[in-house]
Amino acid sequence: MLARALGARIRPHLTAARIAPATLPGCDGLRLFLLNDDFPHDALSPDEMNWALNEPSYWMFCWASGLAQARQILAQPELVRGRTVLDFGTGSGVVAIAAALAGAAHVVACDIDPVSLESTAANAVLNGVHLDLSGDFFDLDERFDVLFAADVLYDPANRGLLPAFLDRADQVWLADSRVKGLTAPDYAKTDTVLSETRPDLNEFDEFRHVNIYHGQRSGISGHAC
Ligand SMILES: C[S@@+](CC[C@H](N)C(=O)[O-])C[C@H]1O[C@@H](n2cnc3c(N)ncnc32)[C@H](O)[C@@H]1O
(Lines give C-alpha, C1' and ligand atoms only; values in the text may rest on other atoms or scores of the structure.)
Protein backbone atom coordinates (compact mmCIF):
# COMPACT_ATOMS: atom_id res chain seq x y z
CA MET A 1 0.00 0.00 0.00
CA LEU A 2 2.71 2.48 1.06
CA ALA A 3 5.03 1.23 -1.70
CA ARG A 4 2.24 1.62 -4.23
CA ALA A 5 1.53 5.22 -3.14
CA LEU A 6 5.21 6.12 -3.48
CA GLY A 7 5.45 4.28 -6.81
CA ALA A 8 2.57 6.41 -8.09
CA ARG A 9 4.75 9.48 -7.46
CA ILE A 10 7.39 8.40 -9.95
CA ARG A 11 5.61 6.22 -12.51
CA PRO A 12 4.29 9.16 -14.56
CA HIS A 13 7.96 10.03 -15.11
CA LEU A 14 9.69 6.63 -15.06
CA THR A 15 7.24 4.16 -16.57
CA ALA A 16 9.16 0.97 -15.70
CA ALA A 17 9.87 2.00 -12.10
CA ARG A 18 8.57 0.30 -8.97
CA ILE A 19 9.13 1.13 -5.34
CA ALA A 20 9.81 -1.92 -3.20
CA PRO A 21 11.13 -2.59 0.31
CA ALA A 22 14.89 -3.28 0.41
CA THR A 23 17.01 -4.35 3.38
CA LEU A 24 20.15 -2.23 3.74
CA PRO A 25 23.43 -4.13 4.14
CA GLY A 26 25.14 -3.72 7.51
CA CYS A 27 22.19 -1.89 9.09
CA ASP A 28 20.67 -4.42 11.51
CA GLY A 29 17.64 -5.12 9.31
CA LEU A 30 16.77 -1.46 8.55
CA ARG A 31 14.50 -1.47 5.48
CA LEU A 32 13.54 1.28 3.06
CA PHE A 33 11.12 1.71 0.20
CA LEU A 34 13.52 2.28 -2.70
CA LEU A 35 13.61 2.12 -6.49
CA ASN A 36 13.56 -1.51 -7.63
CA ASP A 37 17.03 -2.99 -7.90
CA ASP A 38 16.51 -4.25 -11.46
CA PHE A 39 15.32 -0.88 -12.82
CA PRO A 40 16.81 -0.51 -16.32
CA HIS A 41 18.72 2.78 -15.77
CA ASP A 42 20.51 2.62 -19.13
CA ALA A 43 17.26 2.46 -21.12
CA LEU A 44 15.74 5.82 -20.16
CA SER A 45 13.85 7.78 -22.81
CA PRO A 46 14.93 11.43 -23.34
CA ASP A 47 11.88 12.63 -21.33
CA GLU A 48 12.68 10.23 -18.50
CA MET A 49 16.34 11.28 -18.50
CA ASN A 50 15.29 14.93 -18.44
CA TRP A 51 13.04 14.32 -15.42
CA ALA A 52 15.68 12.26 -13.60
CA LEU A 53 18.30 14.98 -14.08
CA ASN A 54 16.17 18.05 -13.48
CA GLU A 55 13.73 16.93 -10.81
CA PRO A 56 15.70 14.25 -9.00
CA SER A 57 13.70 12.14 -6.58
CA TYR A 58 16.58 11.64 -4.20
CA TRP A 59 14.35 9.65 -1.82
CA MET A 60 14.23 6.72 -4.32
CA PHE A 61 17.83 5.95 -3.35
CA CYS A 62 19.75 5.42 -0.16
CA TRP A 63 22.90 7.39 -0.96
CA ALA A 64 26.32 6.04 -0.07
CA SER A 65 26.80 8.78 2.52
CA GLY A 66 23.43 8.12 4.16
CA LEU A 67 24.17 4.41 4.30
CA ALA A 68 27.60 5.13 5.86
CA GLN A 69 26.05 7.43 8.45
CA ALA A 70 23.27 4.95 9.32
CA ARG A 71 25.94 2.28 9.84
CA GLN A 72 27.96 4.68 12.01
CA ILE A 73 24.93 5.36 14.22
CA LEU A 74 23.92 1.71 14.54
CA ALA A 75 27.50 0.69 15.35
CA GLN A 76 27.84 3.49 17.93
CA PRO A 77 24.37 3.98 19.43
CA GLU A 78 25.90 6.06 22.23
CA LEU A 79 26.16 8.89 19.68
CA VAL A 80 22.39 9.34 19.84
CA ARG A 81 20.96 7.28 22.72
CA GLY A 82 18.64 9.46 24.82
CA ARG A 83 19.48 12.51 22.70
CA THR A 84 17.55 14.83 20.42
CA VAL A 85 18.55 14.44 16.77
CA LEU A 86 18.02 16.36 13.55
CA ASP A 87 18.63 14.71 10.17
CA PHE A 88 19.12 17.52 7.63
CA GLY A 89 18.40 16.49 4.00
CA THR A 90 16.82 13.25 5.08
CA GLY A 91 15.89 11.90 1.59
CA SER A 92 14.48 8.44 2.33
CA GLY A 93 14.84 9.10 6.07
CA VAL A 94 17.62 6.55 6.42
CA VAL A 95 19.73 8.43 8.96
CA ALA A 96 16.75 9.61 11.01
CA ILE A 97 15.42 6.03 11.17
CA ALA A 98 18.83 4.67 12.22
CA ALA A 99 18.93 7.27 15.02
CA ALA A 100 15.44 6.31 16.21
CA LEU A 101 16.36 2.59 16.12
CA ALA A 102 19.53 3.35 18.08
CA GLY A 103 17.51 4.89 20.92
CA ALA A 104 17.42 8.64 20.24
CA ALA A 105 14.91 10.41 22.48
CA HIS A 106 13.39 12.52 19.69
CA VAL A 107 14.23 12.65 15.98
CA VAL A 108 13.29 15.29 13.42
CA ALA A 109 13.76 14.47 9.72
CA CYS A 110 14.07 17.61 7.57
CA ASP A 111 13.86 17.88 3.78
CA ILE A 112 12.80 20.60 1.35
CA ASP A 113 11.22 18.00 -0.94
CA PRO A 114 7.67 17.25 0.27
CA VAL A 115 7.68 13.83 -1.45
CA SER A 116 10.86 12.98 0.45
CA LEU A 117 8.91 13.59 3.65
CA GLU A 118 6.14 11.24 2.40
CA SER A 119 8.79 8.62 1.71
CA THR A 120 10.39 9.19 5.13
CA ALA A 121 6.99 8.81 6.83
CA ALA A 122 6.39 5.53 4.96
CA ASN A 123 9.88 4.29 5.84
CA ALA A 124 9.35 5.17 9.52
CA VAL A 125 6.21 2.98 9.50
CA LEU A 126 8.14 0.20 7.74
CA ASN A 127 10.71 0.23 10.58
CA GLY A 128 8.24 0.81 13.43
CA VAL A 129 9.74 4.11 14.60
CA HIS A 130 8.34 7.58 15.23
CA LEU A 131 9.87 10.63 13.53
CA ASP A 132 8.78 14.26 13.39
CA LEU A 133 9.01 15.85 9.96
CA SER A 134 10.06 19.33 8.87
CA GLY A 135 10.15 20.94 5.43
CA ASP A 136 12.34 23.88 6.43
CA PHE A 137 15.45 23.95 8.61
CA PHE A 138 14.84 27.62 9.36
CA ASP A 139 11.33 26.95 10.70
CA LEU A 140 12.73 24.74 13.45
CA ASP A 141 12.92 26.56 16.74
CA GLU A 142 14.34 23.77 18.86
CA ARG A 143 18.01 23.12 19.59
CA PHE A 144 19.32 19.58 19.09
CA ASP A 145 21.98 17.50 20.78
CA VAL A 146 23.14 16.04 17.46
CA LEU A 147 22.64 17.08 13.82
CA PHE A 148 23.41 14.68 10.95
CA ALA A 149 23.67 15.67 7.29
CA ALA A 150 24.53 13.04 4.67
CA ASP A 151 25.18 13.89 1.02
CA VAL A 152 23.89 17.45 1.06
CA LEU A 153 27.10 19.37 0.34
CA TYR A 154 26.73 18.92 -3.46
CA ASP A 155 24.62 22.09 -3.19
CA PRO A 156 26.99 25.02 -2.51
CA ALA A 157 24.18 26.78 -0.62
CA ASN A 158 24.23 23.96 1.93
CA ARG A 159 27.98 24.39 2.44
CA GLY A 160 27.09 27.91 3.58
CA LEU A 161 24.90 26.37 6.30
CA LEU A 162 27.79 24.71 8.15
CA PRO A 163 28.00 27.50 10.77
CA ALA A 164 24.20 27.44 11.16
CA PHE A 165 24.37 23.69 11.86
CA LEU A 166 26.70 24.46 14.78
CA ASP A 167 24.30 27.14 16.04
CA ARG A 168 21.54 24.54 16.03
CA ALA A 169 23.27 21.52 17.60
CA ASP A 170 26.04 20.65 20.07
CA GLN A 171 27.47 17.95 17.80
CA VAL A 172 27.34 17.84 14.00
CA TRP A 173 28.19 14.82 11.85
CA LEU A 174 28.58 15.21 8.08
CA ALA A 175 29.01 12.36 5.61
CA ASP A 176 30.01 13.26 2.08
CA SER A 177 31.64 11.61 -0.93
CA ARG A 178 31.29 14.42 -3.46
CA VAL A 179 33.09 17.45 -2.03
CA LYS A 180 36.82 16.84 -1.85
CA GLY A 181 39.01 18.46 0.79
CA LEU A 182 36.25 20.19 2.72
CA THR A 183 37.67 22.64 5.22
CA ALA A 184 35.44 24.66 7.50
CA PRO A 185 36.01 26.26 10.90
CA ASP A 186 35.15 23.92 13.79
CA TYR A 187 34.82 20.86 11.50
CA ALA A 188 37.41 18.08 11.26
CA LYS A 189 37.55 14.94 9.16
CA THR A 190 37.46 11.87 11.40
CA ASP A 191 37.29 8.98 8.94
CA THR A 192 36.85 7.77 5.37
CA VAL A 193 34.66 4.68 4.92
CA LEU A 194 33.59 2.55 1.97
CA SER A 195 29.90 2.56 1.16
CA GLU A 196 27.56 2.34 -1.82
CA THR A 197 24.35 3.87 -3.11
CA ARG A 198 21.31 1.53 -3.06
CA PRO A 199 20.09 0.53 -5.56
CA ASP A 200 23.48 0.58 -7.22
CA LEU A 201 23.87 3.52 -9.61
CA ASN A 202 27.22 2.27 -10.91
CA GLU A 203 28.75 5.50 -9.71
CA PHE A 204 32.48 6.12 -10.07
CA ASP A 205 34.54 4.43 -7.38
CA GLU A 206 35.46 7.78 -5.84
CA PHE A 207 31.81 8.24 -4.76
CA ARG A 208 32.05 5.07 -2.68
CA HIS A 209 34.66 6.70 -0.44
CA VAL A 210 32.63 8.63 2.11
CA ASN A 211 34.35 11.21 4.27
CA ILE A 212 33.02 11.66 7.79
CA TYR A 213 33.40 15.07 9.45
CA HIS A 214 32.67 16.02 13.04
CA GLY A 215 31.70 19.57 13.90
CA GLN A 216 31.64 21.15 17.32
CA ARG A 217 32.08 24.75 18.48
CA SER A 218 35.51 25.32 19.99
CA GLY A 219 35.29 25.24 23.76
CA ILE A 220 32.54 22.57 23.90
CA SER A 221 34.05 19.35 25.22
CA GLY A 222 34.31 15.91 23.54
CA HIS A 223 31.86 13.74 21.65
CA ALA A 224 30.65 10.32 22.81
CA CYS A 225 32.48 7.91 20.56
C1 LIG B 1 21.45 13.21 -2.12
S2 LIG B 1 20.07 13.29 -1.09
C3 LIG B 1 20.66 12.53 0.43
C4 LIG B 1 19.54 11.90 1.20
C5 LIG B 1 19.98 11.11 2.44
N6 LIG B 1 20.61 11.96 3.42
C7 LIG B 1 20.90 9.99 2.05
O8 LIG B 1 22.12 10.13 2.25
O9 LIG B 1 20.42 8.97 1.52
C10 LIG B 1 20.01 15.00 -0.57
C11 LIG B 1 18.70 15.38 0.13
O12 LIG B 1 18.86 16.65 0.74
C13 LIG B 1 17.70 17.42 0.52
N14 LIG B 1 18.09 18.83 0.64
C15 LIG B 1 18.95 19.52 -0.16
N16 LIG B 1 19.05 20.78 0.29
C17 LIG B 1 18.27 20.89 1.40
C18 LIG B 1 17.96 21.96 2.30
N19 LIG B 1 18.49 23.18 2.16
N20 LIG B 1 17.11 21.72 3.32
C21 LIG B 1 16.58 20.48 3.49
N22 LIG B 1 16.81 19.43 2.65
C23 LIG B 1 17.65 19.64 1.62
C24 LIG B 1 17.25 17.01 -0.89
O25 LIG B 1 15.88 17.31 -1.13
C26 LIG B 1 17.52 15.51 -0.85
O27 LIG B 1 16.41 14.78 -0.37
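This write-up is about the structure you can find in this document. Quick caveat, the model's predicted, so the values are computed rather than measured. (Residues numbered from 1 in each chain as written. Predicted model: local features only at pLDDT ≥ 70, side-chain atom pairs only at ≥ 80, totals over all residues. Heavy atoms only, no water.)

The full set close to the ligand counts 17 residues, and Trp63, Gly89, Asp111, Ala150 and Asn158 are the nearest of them. Within the side chain of Asp111, one N or O atom sits 2.6 Å away from an oxygen atom of the ligand. Interatomic distance of 3.0 Å between a side-chain N/O atom of Asn158 and a nitrogen atom of the ligand. The protein chains hide 94% of the 600 Å² of surface that the ligand would expose on its own. Taking a 2 Å distance to the grid points as the criterion, the majority of the atoms of the ligand fall inside the largest pocket. Partitioned by chemical class, the residues of the shell around the ligand number nine nonpolar, five polar and three charged. (Near = heavy atom within 4 Å. Polar contact = N/O pair within 3.5 Å; in protein donor to acceptor, adjacent residues only side chain to side chain. Areas by Shrake-Rupley, 256 points an atom, 1.4 Å probe, with all protein chains shown as cover. 1 Å grid on protein atoms, 1.4 Å probe; cavity = no way out; pocket = protein on both sides within 12 Å on 5 of 7 lines; lining within 4 Å. Sits in = over half its atoms within 2 Å of the grid points. Nonpolar A, V, L, I, M, F, W, Y, C, P; charged D, E, K, R; others polar.)

Strand order in the open sheet made by the seven strands is β5-β4-β3-β6-β7-β9-β8, with mixed pairing throughout. Bordering the open sheet on either side are β5 (132–134) and β8 (187–194), each of which pairs with just one other strand. Averaged over all adjacent pairs, the angle separating strand axes in this sheet is 20°, with direction ignored. Along the sheet, helix α4 (residues 94–101) contacts β3 (84–88), β4 (106–110) and β6 (144–150); its crossing angle with β4, the most-contacted strand, is approximately 175°. In this fold helix α5 (residues 114–127) packs onto β4 and β5, with an angle of close to 170° to the strand it touches most, β5. (Pairing = 2+ DSSP bridges. Helix = DSSP H or I, 4+ residues; strand = E, 2+ residues; numbered from the N terminus. Axes fitted to C-alpha atoms, helices over the stretch in contact; angles between N-to-C directions. Contact = heavy atoms within 4.5 Å.)

With that settled, consider the environment of Val107. As for its placement among the helices and strands, Val107 is situated in strand β4. The exposure class of Val107 is buried, given its relative accessible area of 3%. Separated by 23 residues in sequence, Val107 and Thr84 have C-alpha atoms that sit 6.0 Å apart. Once residues lying within four places of it in the same chain are set aside, the contact partners of Val107 are Val85, Ala96, Ala99, Ala100, Leu131 and Asp132. (Buried < 20%, exposed > 50% of the residue type's maximum accessible area, 1.4 Å probe, protein only.)

What follows concerns the pattern of salt bridges. This model, assessed by the stated rule, comprises 10 salt bridges. Here Arg217 and Asp167 are joined by a salt bridge, their closest N and O atoms 2.2 Å apart. Taken together, the residues span a long stretch of sequence, with Arg217 in the segment after β9 (209–215) and Asp167 in helix α7 (residues 162–168) at a distance of 50 residues. On the accessibility criterion, Arg217 (26% relative accessible area) is partly exposed. In this structure, Asp200 engages Arg208 in a salt bridge whose closest nitrogen and oxygen atoms are separated by 3.5 Å. Counted as one network, the salt bridges with shared partners bring together Arg71, Glu196 and Arg198. (Salt bridge = Lys/Arg side-chain N within 4 Å of Asp/Glu carboxyl O.)

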